[in-house]
Amino acid sequence: MGLLDILLGRTKPVTPDLDRLFALPSAAVTLEAAAGFTPTGDGAVCFATVEGAAFEQTHREVRALLDADADRDGSPVELRRDDYGYSWLVSHRSPGQLPLLVNDLHAVNSSMEVNGFGPQLLCSLAGFHDPQGHRLGLVYLYKRGTFYPFAPLPGAEQRRDNALELRIRAALADDLRIEQDLNRWFPVWGAPGL
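Note that the structure is a prediction, hence the values are computed from the model and not measured.

Student: If you had to explain the pairing of strand S2 (residues 78–81) to someone new, which residues and values would you point to?
Tutor: When S2 meets strand S3 (residues 86–92), the two strands line up antiparallel, connected through four bridges. If you follow leucine 79 over to S3, its bridge partner there is leucine 89. Counted between consecutive antiparallel strands, the loop separating S2 from S3 contains four residues, among which glycine 85 sits at a positive phi close to 90°.

Here it is, written out as structure tokens:
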């Protein structure tokens, strides 16, 4: 960044650092100790839907790579579209396989990035729950390189538990790079894995 950029108030965009996803397993230990949340084994990568043969080929390669894993418990990787038109590549693992789930999320993000679809990547999510049935997603913002907690309240209404999200932010401050701008803590209503 040059002097002219500084004077005009321009900033350089944050470079995504997918290796930050590998901090999730240690953060999960802190999360369980601090708030009683454990992994569900479900996670997903969200991206803007793209049409075309190149994207379909990348999608098939990613699914084949993840589905070929002999250690996979449960259903294979699936592609879902949400009510807002975004696509989610969903991975299911057993709750004790969070490191393998993180590998899946990293592989999806890396494959899309390598094949030129990095600009379409939006976020990755790992699901958690507590014994009382509360749900929590740790969301990684691809373009910011940061995490934030998303805690939907049970029920049909789209409401979130802001107090819980702030408690989780404080508990995980030493484990994850938390997004400081609360305006970027976007709700991911109906996200697979939650």
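Student: Mind laying out the environment of tyrosine 84, listing which residues take part and the relevant values?
Tutor: Position of tyrosine 84 among the secondary structure elements: in the loop between S2 and S3. Looking at tyrosine 84, the relative accessible area reads 52%, which means it is exposed. It is 9.6 Å that separates the C-alpha atoms of tyrosine 84 and tryptophan 189, two residues lying 105 residues apart in sequence. Aside from chain neighbours lying at most four places away, what touches tyrosine 84 is Gln158 and Trp189.

Student: If you had to explain the confidence of the model for the protein chain to someone new, which residues and values would you point to?
Tutor: Looking at the protein chain as a whole, its pLDDT mean stands at 87, while 87% of the residues score no less than 70. Per-element averaging of pLDDT across the protein chain places helix H1 (residues 3–8) at the bottom with 57 and strand S6 (residues 146–150) at the top with 97.

Student: Which residues make up the nonpolar core, and what are the values?
Tutor: Ranked by size, the top nonpolar core spans 51 residues in total, and within it Trp88 and Phe128 carry the most contacts. Among the elements that line this core, the one with the most residues is helix H4 (residues 98–114), at seven residues. Every residue in contact with phenylalanine 128, bar those within four places of it in the chain, is listed here: Ala28, Leu31, Phe37, Thr38, Pro39, Thr40, Leu98, His134, Arg135, Leu136 and Leu138.

Student: Lay out the pattern of salt bridges with the relevant residues and their values.
Tutor: Under the definition given, this model contains six salt bridges. The shortest N-O distance in the salt bridge between arginine 184 and aspartate 181 comes to 3.7 Å. Note on arginine 184: relative accessible area 31%, which makes it partly exposed. Residue aspartate 181 is classed as partly exposed on the basis of its relative accessible area of 31%.

Student: How would you explain the sheet that holds strand S4 (residues 121–129) if you had to name every residue and give the values?
Tutor: The sheet built from six strands is open, its strands ordered S2-S3-S1-S4-S5-S6 with antiparallel pairing. At either margin of the open sheet sits one strand with a lone partner, and together these are S2 and S6. On average, each strand axis in the sheet is inclined to that of its neighbour by 25°, with strand direction left out of account. As defined by bridge partners, strand S1 (residues 38–48) adjoins S3 across seven bridges and the pair is classed as antiparallel. Bridging across to S3, alanine 44 finds its partner in valine 90. Against the sheet, H4 contacts S1, S3 and S4, and its axis sits at roughly 5° relative to S1.

Student: Could you give an account of the packing of helix H3 (residues 53–67) against H4, naming the residues involved and the relevant values?
Tutor: Packing of H3 against H4 brings their axes to within 10 Å, and their N-to-C directions diverge by 155°. Viewed along their axes, H3 and H4 adopt a mutual orientation that is roughly antiparallel. Considering how the two elements wind past one another, H3 and H4 form a crossing that is right-handed. When H3 is examined against H4, the residues Phe55, Thr58, Val62, Leu65 and Leu66 are found in contact with a partner set consisting of Asp104, Ala107, Val108, Ser111 and Met112. Grouping the amino acids of the contact of H3 with H4 by side-chain chemistry returns seven nonpolar, two polar and one charged.

Parameters and conventions
Residues numbered from 1 in each chain as written. Predicted model: local features only at pLDDT ≥ 70, side-chain atom pairs only at ≥ 80, totals over all residues. Heavy atoms only, no water. Pairing = 2+ DSSP bridges. Helix = DSSP H or I, 4+ residues; strand = E, 2+ residues; numbered from the N terminus. Buried < 20%, exposed > 50% of the residue type's maximum accessible area, 1.4 Å probe, protein only. Contact = heavy atoms within 4.5 Å. pLDDT = per-residue confidence, 0-100. Core = buried A, V, L, I, M, F, W, Y, C linked by side-chain atoms within 4.5 Å. Salt bridge = Lys/Arg side-chain N within 4 Å of Asp/Glu carboxyl O. Axes fitted to C-alpha atoms, helices over the stretch in contact; angles between N-to-C directions. Parallel < 35°, antiparallel > 145°, perpendicular 65-115°, else oblique. Left-handed = near helix turned anticlockwise from the far one by under 90°. Nonpolar A, V, L, I, M, F, W, Y, C, P; charged D, E, K, R; others polar.

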